[in-house]
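Report on the structure
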Amino acid sequence: MSNRTVHGPSGSATPSRRSLREALFIVLLGTGLALVANAISPRGIPLVGDFSRGAALANRNTEELAALPAEIDLAHVHDIVAAIARRAPADSGSARPSAAGADTSLAAALAAGAVLLDARTADVYAAGHIPGALNLPAAEFDQAYPGLKSRIKAASLLVVYCDGGDCELSHDLAGMLKDMGHGPIQLFPGGFDAWMEAGHDMREGPEP
Amino acid sequence: MSARRILYHLVRVAVGAVFLYASVHKVIAPAEFSRTVYHYQLLPAAAINLIAIVLPWIEGVVGICLILGVKMRGAAGIAVVSLLVFLVAMGSALARGLNIDCGCFAAAGTKLGFDRIVGDLVLLAAAALLYRESARESIALTALPSLAPSSVKESS
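Residues numbered from 1 in each chain as written. Chains lettered and ligands numbered in written order. Predicted model: local features only at pLDDT ≥ 70, side-chain atom pairs only at ≥ 80, totals over all residues. Heavy atoms only, no water.

1. Focus: the nonpolar core
Test applied: We call a set of buried Ala, Val, Leu, Ile, Met, Phe, Trp, Tyr and Cys residues a nonpolar core when their side-chain atoms join them within 4.5 Å. Partly exposed describes any residue whose relative accessible area lies between the buried limit of under 20% and the exposed limit of over 50%, with all areas from a 1.4 Å probe on protein chains only and scaled to the type maximum. Think of it this way: any DSSP run of H or I at least four residues long counts as a helix, any run of E at least two long counts as a strand, and we number them from the N terminus. A contact between two residues is defined here by any heavy atoms of the two lying within 4.5 Å.
Core analysis: the biggest nonpolar cluster contains 27 residues, and Ile26(A), Val15(B), Val62(B) and Leu66(B) have the highest contact counts within it. Listing elements by their share of this core, those giving two or more residues are helix H1 (13-40) of chain A together with helix H1 (3-28), helix H3 (45-68), helix H4 (72-95) and helix H5 (114-143) of chain B. Once residues lying within four places of it in the same chain are set aside, the contact partners of Val15(B) are Leu66(B), Leu123(B), Ala126(B) and Leu130(B). In terms of nonpolar packing, the next biggest core, distinct from the first, is built from 20 residues, Leu117(A), Ala119(A), Ile152(A) and Leu173(A) among them.

Okay, here's the thing in structure tokens:
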């Protein structure tokens, strides 16, 4: 490792030029292949992307955009959190609709059986989440899903959220839940940030 | 073949395989990878897609070159530079407290963490050794053309 090959004065310039020449060849070859493949592939994306509506919606084709779940607003999430709190005062009871609910509207019925899912990682969830939300990290879906499957199946509505803003974990999780045949699913795009900005309480700690 | 040469070829193929493997999912899913690049918050929005399209292919070509042992100096050089760039990108993302996908081996879905930094450093060391060794090889070949076996001579 320490013995250097002794070479003449011209020897140092030529090898580095050769490195650059070879590197340029590889970069050009890769770029050319990439542009051709991107142009002919159905999975190709525009050369300049539109990130004006956040990363979660960027580079999705019209079919993908149409397949995204419906969005739910903060007020409705607040109703769901209240319904979950009525349903299970302290512990994590099963997802049965509340019999004591005075409101009989469809929204209230859905809220009563709704399950709120936090798509963020377990440590972020433990640092603070919307009260009553269950943690189903999109990144560890396969490990976390079996433990929550029965509660998800029993839900009348699944509401998925993450941080809000550019966060797209909720989109990922909604897609995975849809693939598993679950529904209806709604997305809370404002997410945890919007919940906190509205001055609501959060809950800390891991999933009960 | 000396032990050093055997080690060189083993490392060459191993690093090449890692690069090729790392490129596949990103090549297949450019839309996902573009969102991962976006989350690093390092590039202007206008550059993100271009990088997301081109980078995985360069990664793949580098991997193939390393595996086949062709254009070794260029491939090892790009490997070193790209691993340094990834190191800076990942380090800055962790320093900023970003909780994002790594984009290392999959376009999305694998979390960025310190283990990825360690992995990058290991690869970086291997790629740097490959670059050194391939430079040494080409110097030796140009300095002593008469001693170089014709089968080892690279066409360029």
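2. Here we look at the pattern of salt bridges
How we decide: A carboxyl oxygen of Asp or Glu within 4 Å of a side-chain nitrogen of Lys or Arg is what we treat as a salt bridge.
A full pass over the atoms with the stated rule returns nine salt bridges over all chains. Measuring nitrogen to oxygen at the nearest pair gives 3.1 Å for the salt bridge that ties Glu22(A) to Arg18(A). With Glu22(A) and Arg18(A) both in helix H1, this residue pair falls four residues apart, about one helical turn. Here Glu22(A) and Arg18(A) have matching classes, each one buried. A salt bridge links Asp118(A) to Arg120(A); the nearest nitrogen and oxygen atoms lie 2.8 Å apart. Judged by relative accessible area, which is 0%, Asp118(A) ranks as buried. Arg120(A) gets classed as buried once you look at its relative accessible area, which sits at 2%. One continuous salt-bridge network, built from bridges that share partners, spans Arg4(B), Arg5(B), Glu133(B) and Arg136(B).

3. As for the pairing of strand S2 (residues 114-118) of chain A
All names here are of chain A. Heads up, the rule is: Only strands that DSSP links by at least two bridges are regarded as paired with each other.
Extensive coverage of S2 is indicated by the burial of five of its five residues. Of the two faces of S2, the one lined by Ala114, Leu116 and Asp118 and the one lined by Val115 and Leu117 are each fully buried. With two bridges connecting them, S2 and strand S3 (residues 134-135) associate as parallel partners. Paired with Asp118 across the strands is Asn135, a residue of S3.

4. Looking at the packing of aromatic side chains
Our working definition: Centres within 6.5 Å make a pair out of two Phe, Tyr or Trp rings, where for Trp the six-membered ring is used; the pair is then stacked when the planes are under 30 degrees apart, edge-to-face when over 60, and tilted otherwise. Cation placement over rings: the criterion is NZ of Lys or CZ of Arg within 6 Å of the ring centroid and within 35° of the ring normal.
Following the criterion strictly, the structure yields three aromatic pairs over all chains and no others. Plain terms: the ring middles of Phe51(A) and Tyr38(B) are 4.7 Å apart, the flat faces sit at 5 degrees to each other, and that makes the pair stacked. In this pair, Phe51(A) sits in the loop between H1 and helix H2 (62-67) while Tyr38(B) sits in helix H2 (residues 30-39), so the two residues belong to two different chains. The two residues Phe51(A) and Tyr38(B) agree in class, both being buried. Between Tyr21(B) and Phe105(B), the ring centres sit 5.9 Å apart and the planes meet at 40 degrees, which makes this aromatic pair tilted. Highlighted residues: Tyr21(B) in helix H1 and Phe105(B) in the loop between H4 and H5, separated in sequence by 84 residues. Residue Tyr21(B) is classed as exposed on the basis of its relative accessible area, which comes to 56%. If you follow Arg120(A) out to its NZ or CZ, it ends over the ring of Phe192(A), 4.5 Å from the centre. For Lys71(B), the ring lying beneath its charged end belongs to Phe25(A), and the centroid distance is 4.7 Å.

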